[in-house]
Every structure is written in C-alpha cells, then in structure tokens.
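Architecture at a glance
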Amino acid sequence: MRMLVMGHKGMLGSDLMEVLGRDHEVNGVDIGEFDITSAGDCIRVVEEFKPDVIVNAAAYTDVDGCETNLDACFAVNAEGVRNVASACKASGAKIVHYSTDYVFDGTKGEPYLEDDPCRPINAYGESKRKGEQALIETAENHLLIRTAWLYGRQGKNFVKAILAKAKEDGKLRVVDDQVGSPTFSFDLAQATKLLVERDCRGIYHVTNRGVCSWYQFAQRILEYAQVSGVTVEPIQSQELNRKAKRPAYSVLSNRKFMEATHKAMRPWQVALNDYLAGQSHIHR
Ligand SMILES: NC(=O)c1ccc[n+]([C@@H]2O[C@H](COP(=O)([O-])OP(=O)(O)OC[C@H]3O[C@@H](n4cnc5c(N)ncnc54)[C@H](OP(=O)(O)O)[C@@H]3O)[C@@H](O)[C@H]2O)c1
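Just so it is clear, the model here is predicted, and its values are computed rather than measured.

Counting across every chain of the model gives 25 salt bridges. Here Arg201 makes a salt bridge to Asp199, at a shortest N to O gap of 3.2 Å. Overall, the relative accessible area of 45% leaves Arg201 in the partly exposed class. Asp199 sits in the partly exposed class, given a relative accessible area of 39%. The network of salt bridges with common partners includes Asp15, Glu18, Arg22 and Arg153.

Next up on the list: the site of the ligand. Neighbouring the ligand are 24 residues, the closest being Leu12, Asp30, Thr61, Tyr124 and Lys128. In isolation the ligand has 900 Å² of accessible area, and contact with the protein removes 78% of it. Of all the secondary structure elements, the ones that give two or more residues to the shell around the ligand are α1 (11-20), β4 (94-100) and α5 (123-138). Tallying contributions element by element places β4 first for the shell around the ligand, with three residues. For the shell around the ligand, a count of residues per class yields 14 nonpolar, six polar and four charged.

Another aspect to go through is the packing of aromatic side chains. What the rule picks out here adds up to 13 aromatic pairs. Relative to Tyr124, the ring of Tyr102 has its centre 6.1 Å away and its plane inclined at 85 degrees; by these criteria the two rings are edge-to-face. Here Tyr124 lies in helix α5 and Tyr102 lies in the loop between β4 and α5, a separation of 22 residues in the sequence. Each member of the pair, Tyr102 together with Tyr124, is buried. Ring geometry for Tyr112 against Tyr249: centres 6.4 Å apart, planes inclined by 50 degrees, an arrangement best described as tilted. Taken together, the positions of Tyr112 in the loop between β4 and α5 and Tyr249 in the loop between β12 (231-235) and α9 (255-261) put the pair 137 residues apart, joining distant regions of the chain. Taken together, the ring pairs connect Trp149, Tyr151, Phe158, Phe184, Phe186, Trp214, Phe217, Trp268 and Tyr275 into an aromatic cluster. Positioned above the aromatic ring of Tyr204, the side-chain terminus of Lys256 is 4.4 Å from the ring centre.

With 59 residues, the main nonpolar core has Val159, Val206, Phe217 and Leu272 as its most contacted residues. Counting residues in each nonpolar core, the second largest holds 31 residues, with Cys42, Val63, Ala93 and Leu135 among its members.

You will see that Gln226, though not glycine, has its phi angle at about 55 degrees, which is positive. Here Gln226 lies in the loop between α8 (214-224) and β12.

Let's shift gears to the state of the cysteines. Tallied over the full model, the rule gives zero disulfides. Considering cysteine sulfurs only, Cys73 is the nearest to Cys66, which forms no disulfide, with 3.4 Å between them. On the basis of relative accessibility, which here comes to 0%, the residue Cys66 falls in the buried class.

So, how was this worked out
Residues numbered from 1 in each chain as written. Predicted model: local features only at pLDDT ≥ 70, side-chain atom pairs only at ≥ 80, totals over all residues. Heavy atoms only, no water. Salt bridge = Lys/Arg side-chain N within 4 Å of Asp/Glu carboxyl O. Buried < 20%, exposed > 50% of the residue type's maximum accessible area, 1.4 Å probe, protein only. Near = heavy atom within 4 Å. Areas by Shrake-Rupley, 256 points an atom, 1.4 Å probe, with all protein chains shown as cover. Helix = DSSP H or I, 4+ residues; strand = E, 2+ residues; numbered from the N terminus. Nonpolar A, V, L, I, M, F, W, Y, C, P; charged D, E, K, R; others polar. Phe/Tyr/Trp six-rings, centres within 6.5 Å; stacked < 30°, edge-to-face > 60°. Lys NZ or Arg CZ within 6 Å of the ring centre and 35° of its normal. Core = buried A, V, L, I, M, F, W, Y, C linked by side-chain atoms within 4.5 Å. Disulfide = S-S within 2.5 Å.

Encoded structure:
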C-alpha cells in the first residue's frame, strides 16, 4: 500500500515510518511541510502523494498547554482532523487517526470499552473528542485508535523525564492516584500495521497490557535502568497543582483489538525493559 504519515517527526510518527516502511511505500509530512490546520495544505499533500492510507499522528499533545492555548489546541486536534478526513474522503483514501484515554472521565473503575460514553475533563481531552467526532462524521472509511501513556524514542516523555530527574537530585515525588497502561510507541506502530493490513474500521483501544500508577511506573523505570540510590515518594495529584485535571482511572480494554488481530499486546513491563535496553545511552 502507499501510505502517508502526518506528523512523521513526532514520537509515534517516527516509529510508524519505520514499522510501516518495512512492507509498504511510506512518505511522511510534518509541520514545515504542511499545516494540518490548513484545509488547502491537507488537500495539497494528499494530491501530491496519492496515498491509499493516511495515518495521522500530528497533534497538539501538550496537555497542560492546551488549557491556556485553546485556539491552537482545537485548531490542530479538532479542525485539523476534519481537514484531513475531508481530504481523505475526496481522494478515496482510508484515514487512520489516534485519540486518547483522556476522552473519558476516569470514574469507570474497570477497563473502558470503545463505545463507553466520553466525558473529557480537560481541554486536551475535549479537543481530541471533537476530533473523533469530526473524523466519524466526515470519513466513513476510518480507523480510530485510542491509546494512552505513550513513551518512545523520539521527543520528550515520562521515562526520559524520570531518568533525568533521578540524575539531577536523587529524590522524586510521583503521583500515585492515577492509574493507566504505559505504552511503547513502537508497539503501537506495530499494532497499527496489523489493524491496517486487516482493513479494520471503526474504533479500537490499543495499549500495552497491564496497569500501574505513575509512581509504580517510575519505580520500574529506575529498577530496569539499574539506577540506585534514588528515593521515590508517592504523592496525590492535587499536590502537583497542574493546569489540566487528569482522569484517575485511564485503563482501556484491548479486547476488541485482540479479537480482530488474534494478537495480544506485550505487558507494559516487557515493553519498558526493551525500550530501556535500546536507550542505554540516556541512563548511563
Ligand atoms: N503522548 C501521549 O502520551 C499520548 C497518549 C494518548 C494519545 N496520544 C495521541 O497519539 C498521537 C501521537 O502522539 P505523539 O505523542 O507521538 O505526538 P508528538 O510527539 O507531539 O508528535 C506530533 C507531531 O505533530 C506535529 N504537529 C503539531 N502541530 C502540527 C500542525 N499544525 N500541522 C502539522 N503537524 C503538526 C508536531 O510538530 P511539533 O513537535 O513541532 O509541534 C509533531 O511532530 C496523537 O494523536 C496524540 O494525541 C498521545
């Protein structure tokens, strides 16, 4: 297939380029080459590359930043998605798009299913939900993948932040009242490839397997990176006083993904270990 990855320089986008590129003809565009908030730019790149599948990993992903930059956040995460979906519809291409656990309010207490009601509690979640609705209304041939707690080789992420902080001061305070499923962007790229090759459509939840709090995640990062002499203190979210509220329970059920692909995602601990082995330069 001919594929076009939007946001190819980002964390997920860069892994998509590598994974999809193994068996497909893949091109990438990112800010500088096009702007997703411009309908004209979206039409132009689709006409230029003539893809069978467009994979949209471009997004405004600064969750706290969204609270104060509402215009930019909604322009990219909601209107931008409508622009890409319209360009896909006009060209006959399939669109693959990503959304987040933050479309849910985090009160369910058991893994969220694809058709559970969405009730975002912050601006980022609200903008991503608007993007989902724009996608569903505009392009019939869509695959919408909701994921959570991503980390990867490209860009900033929680794993790199914990290792950097541990090096700096040896004492960390990490939130223990939000739980979710840490997910390696490389694994998500592989799962995307499976879903696309099976021509799956509609909404799918995809994360690495298992559940932990950010505090437990931090403990495992230090353990697997063999960082010793660092203390980690569990704290409550309110102590951090961040701009955006976060859902307390962010676990997404992977059941539909497993039924469609007959594959299970790796446990988050295995994926983390693998990631750290490949990133040994950042913690030595
Ligand atoms: N990160 C997470 O924990 C997480 C969790 C759940 C879901 N997701 C979703 O997963 C997807 C991929 O996330 P990610 O973390 O890989 O994102 P990312 O690393 O922030 O990459 C997004 C890419 O899109 C580009 N971009 C931003 N605004 C653009 C615009 N107006 N036009 C064109 N490109 C633009 C960014 O460029 P700049 O870097 O220059 O802005 C960046 O290269 C997103 O849909 C995100 O909402 C992420």
